[in-house]
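Listed here are the chains, written in short residue letters.
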Amino acid sequence: MNTNPPEEQKLGENEAAETLAEQPTPIPPPPRPKHPTPSDSFPDPIVYTEKGVRNVRTTENDPPSLCEKIVCFFAYVLFVITVPFCFFFYIIVLQEFQRAVILRLGRLRKGGARGPGMVLVIPCIDAYRRVDLRTTSFDVPPQEILTKDSVTIKVDAVVYYSVRNPLDAVLQVANAREATRLLAMTTLRNVSGMHMLMELLTSKESLSKQIEWILDGATEAWGVRVERVEIKEIYMPAQLQRAMAVEQEAAREARAKVAAAEGERDAVKSLREAADIMMTNPIALQLRYLQTLNTISNNETRSYVFPFPVDIVKKWMDK
């Protein structure tokens, strides 16, 4: 039963509410990136940050200024006058795999990228750029890398990518292909340098997947989608190759000797078991004699050797 007066109870509740209001609100953890987890053979050394940040804000929805309206008016007049003579120069034809990003007086035209098909371009005020949406590739030149176990090697790769968003590929980056190529070179060096040499040699697929995830996340803001990354070759110094060949040959010889020793051990065990069986059953020994005779007797043999029981000779020697 509560014995406090109603006023004191209300005062206590107000103080508790003020105390809770003074406490700072905990900041929720950032959302986890939507990237697959690399395999166990290659733990992910890269800390992903939030992707998809655009550097350029488009203004296609902003109203044009008075100067822009005047320039557009004179451009339309010039277009109407010269249409009968230069109509075919004002039309561009885009293939099914092409898109055109059109800028009118430096502003992006409403409606986004144009194409495929026929697109009308107003002279003097429109500038356009074609974008190919097909998958293309480029070679990453051999990169000199110092591995985690202090071995200097060279690694090259090939990257397959495509443009997912033509607007971002034109507006957010100056040269999407060159930027992706340079990023692939640095990522290949950074990721490969965090692993041992044997890990790189035995887990090329895992290394390729990890580089692909990092590139795909970094190029998202550029409108580029990295579809596949393949490690082509790992170049090692000739001295290191000879040392590894000698090591592998020694390991193979050791395994061969162990296998031969195990075979001899199994053969000795089998002979001992056979001797125990013949000792307990004399008929088995006689059958073995007959089998030996059948083996050595053929048409080309002129002399025969008959195995003679040792027990009989022993009895004669005793007499």
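Going by an unreviewed UniProt entry, the chain carries the name Band 7 protein AGAP004871-like isoform X1 and comes from Drosophila lebanonensis.

Chemist: Please clarify how the packing of helix α4 (residues 176-192) against helix α6 (residues 204-218) should be interpreted in this entry.
Modeler: In helix packing, the relevant descriptors are the interaxial angle and the interaxial distance, both defined with respect to the helix axes. Viewed as axis vectors pointing N to C, α4 and α6 meet at an angle of 135°, and their least axial separation amounts to 10 Å. Considered as vectors, α4 and α6 are oriented oblique to each other. Like other packed secondary-structure pairs, α4 and α6 cross with a definite hand, here right-handed. Packed against α4, whose contacting residues are Leu-183, Ala-184, Thr-187, Leu-188, Val-191 and Ser-192, the element α6 presents Leu-207, Gln-210, Ile-211, Ile-214, Leu-215 and Ala-218 at the interface. Classifying every residue of the contact of α4 with α6 gives nine nonpolar, three polar and no charged.

Chemist: When you look at the environment of Asp-216 in this model, what are you seeing that I'm missing?
Modeler: Inspection of the secondary structure puts Asp-216 in helix α6. A relative accessible area of 28% places Asp-216 in the partly exposed class. Residues in contact with Asp-216, not counting those within four places in the same chain, are Val-224, Arg-225 and Val-226.

Chemist: Looking at this structure, how should I read the sheet that holds strand β2 (residues 98-104)?
Modeler: Strand pairing in a sheet relies on backbone hydrogen bonds, with the paired strands running either antiparallel or parallel. Here three strands make up an open sheet; going across it, the order is β3-β2-β5 and the pairing antiparallel. The outermost strands of the open sheet, each flanked by one partner alone, are β3 (107-108) and β5 (126-132). In this structure, β2 lies alongside β3, joined through two bridges in antiparallel fashion. Pairing of Arg-104 across the sheet is with Arg-107, part of β3.

Chemist: I keep staring at the nonpolar core and nothing clicks. Help me out?
Modeler: Generally speaking, soluble globular proteins have nonpolar side chains that are buried together. Counting 31 residues, the largest nonpolar core has Val-140, Ile-153, Val-159, Ile-211 and Ile-231 as the members making the most contacts within it. Of all the secondary structure elements, the ones that give two or more residues to this core are β6 (136-146), β7 (152-163), α4, α5 (197-202), α6 and β8 (224-235). Setting aside residues up to four positions removed in sequence, Ile-153 forms contacts with Gln-143, Glu-144, Ile-145, Thr-147, Leu-197, Leu-200, Ile-234, Tyr-235 and Met-236.

Chemist: Teacher, can you tell me more about the packing of aromatic side chains here?
Modeler: The description of an aromatic ring pair rests on the distance of the ring centres and on the angle between the ring planes. Under the definition given, this model contains two aromatic pairs. Both rings, one in Phe-73 and one in Phe-74, keep their centres 5.7 Å apart while their planes meet at 70°; by these two values the pair is edge-to-face. For the pair formed by Phe-73 and Phe-74, the shared burial category is exposed. Ring geometry for Phe-138 versus Tyr-161: centroids 5.7 Å apart, planes at 55°, classification tilted. With a gap of 23 residues between them, Phe-138 in strand β6 and Tyr-161 in strand β7 connect regions that are remote in the sequence. For Phe-138, a relative accessible area of 4% corresponds to the buried category. The ring of Phe-97 has Arg-134 lying over it, and the distance from NZ or CZ to the ring centre is 3.7 Å.

Chemist: Would you take a moment to explain the UniProt feature "coiled-coil region" (unreviewed entry) in the chain for this structure?
Modeler: Within this structure's numbering, the places UniProt gives as "coiled-coil region" (unreviewed entry) are residues 244-271. Along residues 244-271 one finds 100% helix and 0% strand; the C-alpha atoms at either end are 41 Å apart.

Chemist: Quick question: what am I supposed to make of helix α2 (residues 66-86) here?
Modeler: With 21 residues, α2 should reach 30 Å at 1.5 Å per residue; the first-to-last C-alpha distance of 28 Å fits that figure. Roughly 35° is the biggest bend found in α2, and it falls at Val-80, with proline Pro-84 one to four residues downstream. Of all the residues in α2, the buried ones are Glu-68, Cys-72, Ala-75, Phe-79 and Thr-82. Close packing links the buried residues of α2 with β2, β3 and β4 (117-120).

Chemist: It is not clear to me how the UniProt feature "transmembrane region" (unreviewed entry) in the chain should be interpreted in this structure. Could you clarify?
Modeler: If you check UniProt for "transmembrane region" (unreviewed entry), the listed places come out as residues 73-94 in our numbering. Helix makes up 64% of residues 73-94 and strand 18%, and the two end C-alpha atoms of the span are 27 Å apart.

Chemist: I tried to follow the sheet that holds β8 on my own but got confused; where do I start?
Modeler: Taken in spatial order, the three strands line up as β6-β7-β8 in an open sheet, and their pairing is antiparallel. A single partner strand is all that each edge strand has here, and the edge strands are β6 and β8. Mean inter-strand twist for the sheet, computed between neighbouring axes without regard to direction, equals 25°. Pairing geometry for β7 and β8, over 10 bridges, is antiparallel. From the neighbouring strand, Val-159 faces β8, where its bridge partner is Val-229. Here α4 sits on the sheet and contacts β6, β7 and β8; the angle it forms with β6, its principal contact strand, is near 35°. Of the strands in this sheet, β7 and β8 are in contact with α6, which crosses β8 at around 145°.

Chemist: Just checking my understanding: could you explain α6 for this structure?
Modeler: One turn of the α-helix equals 3.6 residues, which is why residues spaced by three or four share an orientation. Relative to the 21 Å expected for 15 residues at 1.5 Å per residue, α6 spans 21 Å between its end C-alpha atoms, a close match to the ideal helical length. When we look at burial in α6, the residues that qualify are Ser-206, Leu-207, Ser-208, Gln-210, Ile-211, Glu-212, Trp-213, Ile-214, Leu-215 and Gly-217.

Chemist: Just to check I follow, could you spell out the side chain of Asp-168 for this structure?
Modeler: Residue position: Asp-168 is located in helix α3 (residues 166-171). Side-chain polar atoms of Asp-168 contact the side chain of Asn-165, separated by 3.2 Å.

Definitions and cut-offs
Residues numbered from 1 in each chain as written. Predicted model: local features only at pLDDT ≥ 70, side-chain atom pairs only at ≥ 80, totals over all residues. Heavy atoms only, no water. Axes fitted to C-alpha atoms, helices over the stretch in contact; angles between N-to-C directions. Helix = DSSP H or I, 4+ residues; strand = E, 2+ residues; numbered from the N terminus. Parallel < 35°, antiparallel > 145°, perpendicular 65-115°, else oblique. Left-handed = near helix turned anticlockwise from the far one by under 90°. Contact = heavy atoms within 4.5 Å. Nonpolar A, V, L, I, M, F, W, Y, C, P; charged D, E, K, R; others polar. Buried < 20%, exposed > 50% of the residue type's maximum accessible area, 1.4 Å probe, protein only. Pairing = 2+ DSSP bridges. Core = buried A, V, L, I, M, F, W, Y, C linked by side-chain atoms within 4.5 Å. Phe/Tyr/Trp six-rings, centres within 6.5 Å; stacked < 30°, edge-to-face > 60°. Lys NZ or Arg CZ within 6 Å of the ring centre and 35° of its normal. UniProt positions renumbered as here; feature names shortened; annotations may be inferred. Expected span 1.5 Å × (residues − 1). Bend = angle between axes of the 7 residues up to and from the residue. Polar contact = N/O pair within 3.5 Å; in protein donor to acceptor, adjacent residues only side chain to side chain.

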